[in-house]
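Chain by chain, the residues:
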Amino acid sequence: MNKIHPQAGIATEARSVDHPTREEAEAAVRTLLRWAGDDPDREGLRDTPARVARAYRDWFRGYREDPVEMLARTFEEVEGYDEMVVLRDIRYESYCEHHLAPIIGVAHVGYIPTDRVVGISKLARVVDAFAKRLQVQEKMTAQIANTLSEVLRPRGVAVVIEGEHHCMSTRGVHKPGVSMVTSTMLGEFRDDPRTRKEFMDIIGNPTNRMR
Ligand SMILES: Nc1nc2c(ncn2[C@@H]2O[C@H](COP(=O)(O)OP(=O)(O)OP(=O)(O)O)[C@@H](O)[C@H]2O)c(=O)[nH]1
Ligand SMILES: [Zn+2]
């Protein structure tokens, strides 16, 4: 079951799974090494299952992070600042849930505060908390926007994500340099075309940004 945060009704954790032991995880890596056509007992590969198990803890650390808690501390003394706040070009590394291949790109996050703002590093932390999981880009975009909207209760939230999917560039259709662009606009960003345009002007033209 997902852990539902009481404050916001947001699913903040992946489904709790029957967590394997480290030995089981390493055995699975040995199997994949054999599947690749190599010998897991040769010297160079002997420590690889342990390394991969450790790497998975890093690549998928988002399952152990709570984006709602990250947004808990806010600041009210902003002299009535009520214009758009934008953090652009937040580099992220995520993983395609279909092939386990990297999705690498940048996220742009904007919101219009009501009476309180959040530390800007927290916006980047929320991006990472969702990125460091197995993802579909559309879902990641919506999760980031919905979390900011439900926790901060701002007048609007905009999230644009660009991603190069390595499952498309290094295998399958083999199309390097293609970027997928997704967006979720909520509140004033969705309702007011001028607000949306101001945000899009601030983040600029996505073309070539990732290269
Ligand atoms: N919409 C969307 N599609 C994705 C994302 N990541 C990967 N995909 C696509 O998911 C699809 C999975 O298609 P399948 O036909 O089941 O898998 P496949 O046979 O490996 O497909 P190919 O990649 O075309 O070789 C592929 O078209 C991927 O390009 C994503 O974040 N969003
Ligand atoms: Zn993929």
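Because the structure is a prediction, the values reported are computed rather than measured.

## A short note on the UniProt feature "binding site: Zn(2+)" (unreviewed entry) in the protein chain
Next up, step 1: Here, UniProt's "binding site: Zn(2+)" (unreviewed entry) annotation points to Cys 96, His 99 and Cys 167. Spanning 72 residues, the annotated positions come together in the fold, the maximum distance between their C-alpha atoms being 7.5 Å.
Next up, step 2: Tracing the chain through its elements places His 99 in the loop between β2 (85-96) and β3 (102-112).
Next up, step 3: Relative accessible area serves as the criterion here: at 38%, His 99 is assigned to the partly exposed category.
Next up, step 4: When neighbours within four sequence positions are excluded, His 99 is seen to be in contact with Cys 167 and Arg 171.
Next up, step 5: Looking at the element boundaries, Cys 167 is found in helix α6 (residues 166-169).
Next up, step 6: With near-sequence residues (within four places) excluded, Cys 167 lies in contact with Cys 96, His 99, Ala 101, Pro 102 and Gly 172.

## Points about the site of ligand 1
Next up, step 1: Around ligand 1, the neighbouring residues are His 98, His 99, Val 136, Gln 137, Glu 138, His 165, Cys 167, Arg 171, Gly 172 and Met 180.
Next up, step 2: Note that a nitrogen atom of ligand 1 is positioned 3.2 Å from one of the side-chain N or O atoms of His 165.
Next up, step 3: Across the complex, the protein chains shield 51% of the 630 Å² of accessible surface that ligand 1 would expose by itself.
Next up, step 4: For the shell around ligand 1, the residue count by class is three nonpolar, five polar and two charged.

## Some remarks on the domain arrangement of the protein chain
Next up, step 1: Per the domain assignment, the segments of the protein chain are domain 1 (1-59) and domain 2 (74-203).
Next up, step 2: Computed from C-alpha coordinates alone, the two centres of domain 1 and domain 2 are separated by 27 Å.

## Looking at the coordination of the zinc ion (ligand 2)
Next up, step 1: The protein atoms that coordinate the zinc ion (ligand 2) are Cys 96 (SG), His 99 (ND1) and Cys 167 (SG), at distances of 1.9 to 2.3 Å.
Next up, step 2: Going along the chain, you hit the donors of the zinc ion (ligand 2) in the pattern C-x2-H-x67-C.
Next up, step 3: On the basis of relative accessibility, which here comes to 3%, the residue Cys 96 falls in the buried class.

## Here we look at the side chain of His 108
Next up, step 1: When you line up the elements, His 108 lands in strand β3.
Next up, step 2: Take His 108: its relative accessible area is 0%, and that puts it in the buried class.
Next up, step 3: Polar side-chain contacts of His 108 include one of 2.7 Å to the side chain of Glu 162.

## Regarding a negative patch on the surface
Next up, step 1: Residues Glu 76, Glu 77, Glu 79 and Asp 115 make up a contiguous surface patch of negative charge.
Next up, step 2: Within the secondary structure, Glu 79 is located in the loop between β1 (74-75) and β2.

## A closer look at the sheet that holds β3
Next up, step 1: With mixed pairing, the five strands of this open sheet are ordered in space as β5-β2-β3-β6-β7. Where the open sheet ends on each side, the last strands, each with one partner, are β5 (134-135) and β7 (180-187).
Next up, step 2: Inspection of the sheet shows β2 paired to β5 by two bridges, in the parallel sense. Bridging across to β5, Tyr 95 finds its partner in Leu 134.

## Some remarks on the nonpolar core
Next up, step 1: The biggest cluster of nonpolar side chains holds 32 residues, and the ones touching the most others in it are Tyr 92, Val 109, Tyr 111, Ile 144 and Leu 148.
Next up, step 2: Of all the elements in the fold, those that place two or more residues in this core are α3 (67-70), β2, β3, β4 (117-118), α4 (120-131), α5 (137-152) and β6 (156-165).
Next up, step 3: The residues contacting Tyr 111, other than those within four sequence positions of it, are Glu 83, Met 84, Val 85, Arg 116, Val 117, Val 118, Leu 123, Leu 152, Pro 154, Gly 156, Val 157 and Phe 189.
Next up, step 4: One finds Ala 158, Val 160, Met 185 and Ile 203 within the second-largest nonpolar core, a separate group that totals eight residues.

Parameters at a glance
- Residues numbered from 1 in each chain as written.
- Chains lettered and ligands numbered in written order.
- Predicted model: local features only at pLDDT ≥ 70, side-chain atom pairs only at ≥ 80, totals over all residues.
- Heavy atoms only, no water.
- UniProt positions renumbered as here; feature names shortened; annotations may be inferred.
- Helix = DSSP H or I, 4+ residues; strand = E, 2+ residues; numbered from the N terminus.
- Buried < 20%, exposed > 50% of the residue type's maximum accessible area, 1.4 Å probe, protein only.
- Contact = heavy atoms within 4.5 Å.
- Near = heavy atom within 4 Å.
- Polar contact = N/O pair within 3.5 Å; in protein donor to acceptor, adjacent residues only side chain to side chain.
- Areas by Shrake-Rupley, 256 points an atom, 1.4 Å probe, with all protein chains shown as cover.
- Nonpolar A, V, L, I, M, F, W, Y, C, P; charged D, E, K, R; others polar.
- Domains from an automatic or database assignment.
- Donors = N, O, S within 2.8 Å, 3.2 Å for Na, K, Ca; no water.
- Patch = residues over 30% accessible without salt bridge, like charges linked within 9 Å, V, L, I, M, F, W, Y side chains within 5 Å.
- Salt bridge = Lys/Arg side-chain N within 4 Å of Asp/Glu carboxyl O.
- Lys, Arg positive; Asp, Glu negative; His and termini not counted.
- Charge placed at Lys NZ, Arg CZ, Asp CG, Glu CD.
- Pairing = 2+ DSSP bridges.
- Core = buried A, V, L, I, M, F, W, Y, C linked by side-chain atoms within 4.5 Å.

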